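Here are the chains, one letter per residue:
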Amino acid sequence: MEVLGLFFFWFILAAAADWIASDKGRSGCGFQLFALLLPLIALIVALALTPDRDHLNEKAIKRGKKSRCPACREAIDPEATICPFCRSDIVRPPSELSASFRLGKRLSRK
Ligand SMILES: [Zn+2]
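The sections below set out a description of the structure shown in this document. (Residues numbered from 1 in each chain as written. Predicted model: local features only at pLDDT ≥ 70, side-chain atom pairs only at ≥ 80, totals over all residues.)

Brief notes about the packing of helix H1 (residues 2–23) against helix H3 (residues 39–48)
Here is step 1: Remark: H1 packs on H3, axes separated minimally by 8 Å, with the N-to-C direction vectors making an angle of 20°. On the basis of the axis angle, H1 is roughly parallel to H3. Both H1 and H3 take part in a crossing whose hand is left-handed. In this structure, H1 contributes Trp10, Leu13, Ala14, Ala16, Ala17, Ile20 and Ala21 to the contact, and H3 contributes Pro39, Leu40, Ala42, Leu43, Ala46 and Leu47.
Here is step 2: For the contact of H1 with H3, the per-class residue count stands at 13 nonpolar, no polar and no charged. (Axes fitted to C-alpha atoms, helices over the stretch in contact; angles between N-to-C directions. Helix = DSSP H or I, 4+ residues; strand = E, 2+ residues; numbered from the N terminus. Parallel < 35°, antiparallel > 145°, perpendicular 65-115°, else oblique. Left-handed = near helix turned anticlockwise from the far one by under 90°. Contact = placed C-beta atoms within 7 Å. Nonpolar A, V, L, I, M, F, W, Y, C, P; charged D, E, K, R; others polar.)

Shown next as structure tokens:
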């Protein structure tokens, strides 16, 4: 029974290490294997890792939570009208504006 408890604790540590690394955009098959083999060390490494900003920005862009500035290509808020990095005006294409206008109209009816 104690062996089962030890495996459960081992798995929880590995899962926690993988979850923390994934939250920082640093997860992958290699890190999952590392976490399964040495969960305590992987947990310490995951806590010490710095977030992978580029990877997290790419994920946010795919989910629609951020968009790219047309001038400097930095990830910015999709509602921004001025880029916080290069200070250029963000001009949205007419199709995007009409889509958000229609969505806003549909939401205001409810
Ligand atoms: Zn910019």
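A few points about the environment of Ala71
Here is step 1: Counting through the fold element by element, Ala71 comes out in the loop between strand E1 (67–68) and strand E2 (75–76).
Here is step 2: Judged by C-beta crowding, with 14 C-beta atoms within 10 Å, Ala71 ranks as partly exposed.
Here is step 3: For Ala71, the residues in contact, after removing those within four places along its chain, are Cys83, Cys86 and Ser88. (Buried ≥ 20, exposed ≤ 12 C-beta atoms within 10 Å, placed from the backbone.)

Observations regarding the nonpolar core
Here is step 1: In this structure, Ala14, Ala17, Ala21, Ala35, Ala42, Leu43 and Ala46 together form the largest nonpolar core, which totals seven residues.
Here is step 2: Listed by contribution, the elements that provide at least two residues to this core are H1 and H3.
Here is step 3: Residues within four places of Ala42 in sequence aside, it is in contact with Ala14, Ala17, Phe34 and Ala35. (Core = buried A, V, L, I, M, F, W, Y, C linked by C-beta atoms within 7 Å.)

Quick word on unusual backbone geometry
Here is step 1: Despite not being glycine, Arg73 has its phi angle at roughly 70°, a positive value.
Here is step 2: Along the polypeptide, Arg73 turns up in the loop between E1 and E2.
Here is step 3: Given 11 C-beta atoms within 10 Å, Arg73 falls into the exposed group.
Here is step 4: Located in the positive-phi region is Arg87, a residue other than glycine, with phi close to 60°.

Some words on the packing of H1 against helix H2 (residues 29–37)
Here is step 1: Direction vectors running N to C along H1 and H2 enclose 150°, while the axes themselves pass 8 Å from each other. It follows that H1 is roughly antiparallel to H2 by the angle criterion. Handedness of the H1/H2 crossing: right-handed. Counting all contacts with H1, which are made through Ala14, Ala17, Asp18 and Ala21, the residues of H2 involved are Phe31, Gln32, Ala35 and Leu36.
Here is step 2: When the residues that make up the contact of H1 with H2 are grouped by side-chain class, the tally is six nonpolar, one polar and one charged.

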